[in-house]
Amino acid sequence: MMEKKLSCSCGSAENCTVFACSGAADLGQASDLLARKLHKNEVRQMKCLAFVSAGITEMIDSVKDSNMLVIDGCNLDCGKKTFEKNGLNDFIHLRLTDLGFEKGKTPPTEYVIEKMYEEAIFMV
């Protein structure tokens, strides 16, 4: 299948970032793979959620003016809560369970990641 290359509404993937919860469950792994696919296809720049969690001010300041997408696998919303605890409130939030995927029952296959990708590329 040919990869779709889109950019976010900012006109450049460099100003569009993506952060993934990357948790241990299947949907955590899927969130990571989805973020990596968005990065690989130059839709968004993947950034590390860990620097936000660690409160590294210089790194947080470097992304706070970007069009940020936070991907969480489930309703625990670890990525979203990490952002909010660190004063980042202007972001787009995608929860994979809201797309109909079920935690513990969604192996992160290529087909599954492609279905998630088809939803995520239009989140601007």
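Placed above this text is the structure.
Figured I'd write up the structure that's included with this text. (Residues numbered from 1 in each chain as written. Predicted model: local features only at pLDDT ≥ 70, side-chain atom pairs only at ≥ 80, totals over all residues. Heavy atoms only, no water.)

1. Observations regarding the pattern of salt bridges
Turning to step 1, where the next piece is worked out: Tallied over the full model, the rule gives seven salt bridges.
Turning to step 2, where the next piece is worked out: Between Asp-98 and Arg-95 there is a salt bridge, with the nearest N and O atoms lying 2.9 Å from each other.
Turning to step 3, where the next piece is worked out: Accessibility expressed as a relative area gives 55% for Asp-98, which makes it exposed.
Turning to step 4, where the next piece is worked out: Overall, Arg-95 belongs to the buried group, its relative accessible area being 19%.
Turning to step 5, where the next piece is worked out: A salt bridge links Lys-115 to Glu-118; the nearest nitrogen and oxygen atoms lie 3.7 Å apart. In this pair, Lys-115 and Glu-118 are both assigned in helix α5 (residues 110–120), three residues apart and thus about one turn of the helix distant.
Turning to step 6, where the next piece is worked out: Classification of Lys-115 by relative accessible area gives partly exposed; the value is 33%.
Turning to step 7, where the next piece is worked out: For Glu-118, a relative accessible area of 24% translates into the label partly exposed. (Salt bridge = Lys/Arg side-chain N within 4 Å of Asp/Glu carboxyl O. Buried < 20%, exposed > 50% of the residue type's maximum accessible area, 1.4 Å probe, protein only. Helix = DSSP H or I, 4+ residues; strand = E, 2+ residues; numbered from the N terminus.)

2. Brief notes about unusual backbone geometry
Turning to step 1, where the next piece is worked out: Located in the positive-phi region is Ser-22, a residue other than glycine, with phi close to 50 degrees.
Turning to step 2, where the next piece is worked out: Tracing the sequence through the fold places Ser-22 in the loop between β1 (16–20) and α1 (26–40).
Turning to step 3, where the next piece is worked out: A positive phi is found at Glu-42, a non-glycine position, where the angle reads about 60 degrees.
Turning to step 4, where the next piece is worked out: Among the secondary structure elements, Glu-42 is positioned in the loop between α1 and β2 (45–46).
Turning to step 5, where the next piece is worked out: What makes Glu-42 exposed here is its relative accessible area of 52%.

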